[in-house]
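Remarks on the overall topology
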Amino acid sequence: MRVLVVEDHGNMRDVLVRGLTEAGHAVDAVADGPGGLARAATGSYDAVVLDVMLPGMDGFAVCAALRDRQVWTPVLMLTARDAVPDRVHGLDAGADDYLVKPFAFTELLGRLRALQRRGAPPRPAVLGCGPLSLDPAARVVRCGGQVVELSRREFTLLEFLLRHPGHVLSRAQILEHVWGHDYDGQSNVVDVYVKYLRDKIDRRFGLDLVQTVRGTGYRVACAE
């Protein structure tokens, strides 16, 4: 696997490069956000290990810019921030996984192997379901040509559902993706936000896109 490491701290960068090389990977490394974006945008890597705190351009912005350019190379984000909103921010920016510092190097290798198995299939620039469309780059949702105003969390939830059309997603899966797996707040938060989506989309436009699968979870049902 060819891996790009984007890390500004010299010691950490050296550890990552040495460890990945010893594990049999081909590794390139850069020390700032703009340089990481320029390298990763070539699309010639199998994975990107991306630090959050970078000079010139932070990791969130780098990842979002890659997705805007339709570069879907798997991104493993490294962060010293353990707060749920920071992890969700990374996922919202298009990261595929995250790892909180300090971490065991064996875990990093395991996560990279998982990303490699998952691969990087092309993802649509605009997600659609019947009259509903969601543009991840512009962060705009439209239904029947009308703009639907959503909060950041509502947008992330809808995007997650639309990336798995017809598939039933459990509350646990939704909670981990949208709020982070360590979320310890309101127990019915997924149900509450699904209601918000239904109020703003289904009830407003007379649709039945966001459906409950009793005892299992939720899905979006798109006409074939």
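Reading the values: rules and limits
Residues numbered from 1 in each chain as written. Predicted model: local features only at pLDDT ≥ 70, side-chain atom pairs only at ≥ 80, totals over all residues. Heavy atoms only, no water. Core = buried A, V, L, I, M, F, W, Y, C linked by side-chain atoms within 4.5 Å. Buried < 20%, exposed > 50% of the residue type's maximum accessible area, 1.4 Å probe, protein only. Helix = DSSP H or I, 4+ residues; strand = E, 2+ residues; numbered from the N terminus. Contact = heavy atoms within 4.5 Å. Pairing = 2+ DSSP bridges. Axes fitted to C-alpha atoms, helices over the stretch in contact; angles between N-to-C directions. UniProt positions renumbered as here; feature names shortened; annotations may be inferred. Expected span 1.5 Å × (residues − 1). Arc of directions from axis to C-beta.

**Thoughts on the nonpolar core**
Counting 28 residues, the largest nonpolar core has Leu132, Val141, Leu157, Leu158, Leu161, Leu162 and Ile174 as the members making the most contacts within it. Secondary-structure elements contributing two or more residues to this core are β6 (127-129), β7 (132-135), β8 (140-143), α6 (152-162), α7 (171-179), α8 (189-205) and β12 (217-220). Dropping the residues within four chain positions of it, valine 141 is found in contact with Leu132, Ser133, Leu134, Gln146, Val147, Val148, Leu150, Phe155 and Leu158. Counting 22 residues, the second-largest nonpolar core is a separate cluster that includes Leu66, Met77, Leu91 and Ala93.

**Focus: the sheet that holds strand β11 (residues 210-213)**
In spatial order, the strands read β10-β12-β11; together these three strands make up an open sheet with antiparallel pairing. Sheet topology places β10 (169-170) and β11 at the edges, where each strand pairs with a single neighbour. Examined bridge by bridge, β10 and β12 share two bridges and lie antiparallel to one another. Bridge assignment links serine 170 to a residue of β12, and that residue is glycine 217. Helix-sheet contacts for α6 involve β10, β11 and β12, and the interaxial angle to β12 is about 75 degrees. Along the sheet, α8 contacts β11 and β12; its crossing angle with β11, the most-contacted strand, is approximately 145 degrees.

**Brief notes about the sheet that holds strand β2 (residues 26-30)**
Read across the sheet, five strands follow the order β2-β1-β3-β4-β5 without closing on themselves; strand pairing throughout is parallel. Each edge of the open sheet carries a strand with a single partner, namely β2 and β5 (97-100). For this sheet, the mean inter-axis angle between neighbouring strands, taken without regard to orientation, is 20 degrees. Note: strand β1 (residues 2-6) against strand β3 (residues 47-51), four bridges, orientation parallel. Within β3, the residue paired with valine 3 across the bridge is alanine 47. Lying on the sheet, helix α3 (residues 59-68) is in contact with β3 and β4 (75-79); it crosses β4 at an angle near 165 degrees.

**Topic: the UniProt feature "modified residue: 4-aspartylphosphate" (unreviewed entry) in the protein chain**
Sites flagged by UniProt as "modified residue: 4-aspartylphosphate" (unreviewed entry) map to Asp51. Note on placement: aspartate 51 falls in strand β3. Of the residues examined, aspartate 51 reaches a relative accessible area of 3% and is grouped as buried. Those residues in contact with aspartate 51 that sit more than four places away from it in its chain are Val6, Glu7, Asp8, Gly59, Leu78 and Lys101.

**Comments concerning helix α5 (residues 105-118)**
For the α-helix, the turn length of 3.6 residues means that residues three or four positions removed from each other point alike. Across its 14 residues, α5 extends 20 Å between first and last C-alpha, which sits within 8% of the 20 Å expected from 1.5 Å per residue. Of the positions making up α5, those classed as buried are Leu108, Leu109, Leu112 and Leu115. Down the axis of α5, the buried set is contained in an arc of 120 degrees. They therefore lie on one face. Of the exposed residues in α5, those oriented more than 90 degrees away from the buried face are Thr106 and Arg117. In this fold, the buried residues of α5 make contact with α1 (10-22), β3, β4 and β5.

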